[in-house]
Amino acid sequence: MSIQTANNKPTPFVNDWDVHLYDHRHRYVSHLATDLLQLLDPQYGEHILDLGCGTGHLTYRMTGCGAEVIGVDHSVSMIDQASHLYPHQAYPQLKFAVIDAASLAMNKQFDGVFSNAVLHWVKQPEKVLEGVWQALKPGGRFVAELGGKGNVEAIIQGICEALDEVGYPENKAFNPWYFPSIGEYSTLLEGQGFQVKVATLFDRPTPLDEGKNGLQNWMKMFASCFFQNIPSEEQEYIFKRVEKKLRSNLYRNGTWIADYKRLRIKAVKPRS
């Protein structure tokens, strides 16, 4: 199986992900996806694309049934780490490449496309779905989970209020996320030609690692866009203000609980 892109070269991307922080403080991102993998149900000999694979832990798990899997991610550091953890020499059924989810250019290579906790970072969902459609064989399936309508709503509100209070209201415009409703995403899927088999939105209150520092670590990992161009000492002050605002609702028994809402979908590309 080959990776075919528009120019056969990965597009370079500017990366600011902290891979160490991601793998050591946010492992729940992949741990919570076990039943999503069951929904995909990869089979021996199938070709699977892991769209937004991060450091490759779920990509590797998909090879356990004998599937051939390619993991792609826009982050150079994530792919470097995945390739280090799972080198192709040792895991010949596993490949990694730097490719943007909104710029897929693969032609009918895959039996399944899988994506976990990625697509809410892409504000061009039509381009993502067009690329997924093109990558799937007729009869292929697309299984994904992403942040849905209302995801981390309390955290976003706390951050925006704190930015207003300390004099950085313009930074609210740096919100990096796209959290669609069931209806919105299903309409996009059907508009592309997919048959929607599963579409559900559900609450997933998620404990954050590192006890009292869990929310700060989460903001540094996932919400850093809001704090760009703010001096580090002021960022720390803002983090404290956000914590104070959210403590009564999201801090329980020494642990921060993120107010996640997840949208889970399974869609099929018709055979004809």
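That block above? That's the structure.
First things first, this report covers the structure right here in the doc. (Residues numbered from 1 in each chain as written. Predicted model: local features only at pLDDT ≥ 70, side-chain atom pairs only at ≥ 80, totals over all residues. Heavy atoms only, no water.)

**Let's talk about the side chain of Asp73**
Which entries qualify depends on this criterion: Secondary structure elements are taken from DSSP: a helix is a run of H or I of four residues or more, a strand is a run of E of two residues or more, and numbering for both begins at the N terminus. Burial classes: relative accessible area under 20% of the type maximum marks a residue as buried, over 50% as exposed, and values in between as partly exposed (1.4 Å probe, protein chains only). In this tally, Lys and Arg are treated as positive and Asp and Glu as negative; His is ignored, and so are the chain termini. When a carboxyl oxygen of Asp or Glu lies within 4 Å of a side-chain nitrogen of Lys or Arg, that pair is called a salt bridge. Here a polar contact is recorded for every N or O atom pair within 3.5 Å, except that within protein the pair must consist of a potential hydrogen donor and a potential acceptor, and residues adjacent in sequence are included only if both atoms are side-chain atoms. Note on contacts: a residue pair qualifies if any of its non-hydrogen atoms lie within 4.5 Å across the two residues.
Here Asp73 is to be found in strand 2 (residues 68-73). Notably, Asp73 is buried but unbridged: the nearest opposite-charge side chain belongs to Arg262, and the N-O separation is 13 Å. Within polar-contact distance, the side chain of Asp73 engages the backbone nitrogen of Ser75 at 2.9 Å. Not counting chain neighbours up to four residues away, the residues in contact with Asp73 comprise Gly52, Cys53, Gly54, Met78, Ile79, Ala97, Val98 and Ile99.

**Quick look at the pattern of salt bridges**
Considering all chains together, one arrives at 12 salt bridges under this definition. A salt bridge links Arg264 to Glu145, with the shortest nitrogen-to-oxygen separation between them at 2.5 Å. Of this pair, Arg264 sits in strand 8 (residues 255-268) while Glu145 sits in strand 5 (residues 136-147), placing them 119 residues apart in sequence. Like Glu145, Arg264 is buried. In the salt-bridge network here, residues are joined through shared partners; they are Asp35, Glu145, Arg204, Arg262 and Arg264.

**Quick notes on the nonpolar core**
In plain terms, the rule: By convention a nonpolar core is built from buried Ala, Val, Leu, Ile, Met, Phe, Trp, Tyr and Cys residues, the set being connected through side-chain atoms within 4.5 Å.
Core analysis: the largest hydrophobic core is formed by 30 residues, its most contacted members being Leu51, Leu119, Val132, Phe142 and Tyr185. When contributions to this core are tallied by element, the ones reaching two or more residues are strand 1 (47-51), strand 2, strand 4 (110-116), helix 6 (125-135), strand 5, helix 8 (182-192) and strand 8. Ignoring anything within four residues of it in the chain, the contact list for Phe142 reads Val113, Leu119, Leu129, Val132, Leu136, Tyr185, Leu189, Phe194, Ile265, Lys266 and Ala267. Counting 28 residues, the second largest nonpolar core, distinct from the first, contains Ala162, Tyr168, Trp218 and Trp256.

**Section: helix 10 (residues 232-250)**
Note the cut-off: To obtain the bend at a residue, axes are fitted to the seven residues ending there and to the seven starting there, and the angle between these axes is taken.
Within helix 10, the axis deviates most sharply at Lys244, by approximately 35°. All of the buried residues along helix 10 are Ile238, Phe239, Val242, Glu243, Leu246 and Leu250. The inward-facing, buried residues of helix 10 abut helix 7 (153-166), helix 9 (214-222), strand 7 (251-252) and strand 8.

**Section: the pairing of strand 3 (residues 94-98)**
Each regular strand carries side chains that alternate between the two faces of the sheet. The following threshold applies: At least two bridges found by DSSP between two strands is the condition for calling them paired. Here a crossover is taken to be right-handed if, once the strands point away from the viewer, the path from the first strand over the helix to the second is traced clockwise.
Counting buried residues in strand 3 gives four out of five residues, a clear majority hidden from the surface. Of the strand pairs in this sheet, strand 2 and strand 3 are connected by five bridges, and their pairing is parallel. Along strand 3, the bridge assignment pairs Val69 with Leu94. Note that the unit made of strand 2, helix 5 (residues 76-85) and strand 3 has a crossover that is right-handed.

**A look at the packing of helix 7 against helix 10**
The condition that has to hold: Helix axes are fitted to C-alpha atoms over the stretch in contact, other axes to C-alpha atoms as well, and angles between N-to-C directions run from 0 to 180 degrees. Angles are sorted into four bins: roughly parallel if under 35 degrees, roughly antiparallel if over 145, roughly perpendicular if 65 to 115, and oblique for all others. The sense of a crossing depends on the near helix, which, turned anticlockwise from the far helix by less than a right angle, makes the crossing left-handed and, turned clockwise, makes it right-handed. Each residue is assigned to one of three groups, with Ala, Val, Leu, Ile, Met, Phe, Trp, Tyr, Cys and Pro labelled nonpolar, Asp, Glu, Lys and Arg labelled charged, and all others, Gly among them, labelled polar.
Taken N-terminus to C-terminus, the directions of helix 7 and helix 10 make an angle of 140°; their axes are 9 Å apart at the nearest point. Between helix 7 and helix 10, the angle is such that the two are oblique. Considering how the two elements wind past one another, helix 7 and helix 10 form a crossing that is right-handed. Every residue of helix 10 that contacts helix 7 at Ala154, Ile155, Gly158, Ile159, Glu161, Ala162, Leu163, Glu165 and Val166 is listed here: Tyr237, Ile238, Arg241, Val242, Lys245, Leu246 and Leu250. When grouped by side-chain class, the residues that make up the contact of helix 7 with helix 10 number 11 nonpolar, one polar and four charged.

**Re unusual backbone geometry**
Unlike most non-glycine residues, Lys108 shows phi in positive territory, near 50°. As for its placement among the helices and strands, Lys108 is situated in the loop between strand 3 and strand 4. Phi angles above zero are rare outside glycine, and Ala117 is one such case at about 55°. By the secondary structure assignment, Ala117 is in the loop between strand 4 and helix 6.

**Examining the packing of aromatic side chains**
As a reminder of what qualifies: For this analysis, a ring pair means two rings from Phe, Tyr or Trp (six-membered ring only for Trp) whose centres lie within 6.5 Å, classed as stacked if their planes differ by under 30 degrees, edge-to-face if by over 60, and tilted for the remaining angles.
In the structure shown here, the tally under the stated rule is 14 aromatic pairs. Taken together, a centroid distance of 6.2 Å and an interplanar angle of 40° make the contact between Phe142 and Phe194 tilted. Taken together, the residues Phe142 in strand 5 and Phe194 in the loop between helix 8 and strand 6 (195-207) connect sequence positions 52 residues apart. Both residues of the pair, Phe142 and Phe194, count as buried. Between Trp177 and Trp218, the ring centres sit 5.9 Å apart and the planes meet at 50°, which makes this aromatic pair tilted. Remark: Trp218 occurs in helix 9 and Trp177 occurs in the loop between helix 7 and helix 8; sequence separation between them is 41 residues.

**So, the environment of Lys212**
Checked against the element boundaries, Lys212 lands in the loop between strand 6 and helix 9. The class of Lys212 is exposed, set by a relative accessible area of 58%. Separated by 43 residues in sequence, Lys212 and Thr255 place their C-alpha atoms 6.1 Å apart. For Lys212, the contacting residues outside a window of four places in its chain are Glu243, Tyr251, Gly254 and Trp256.

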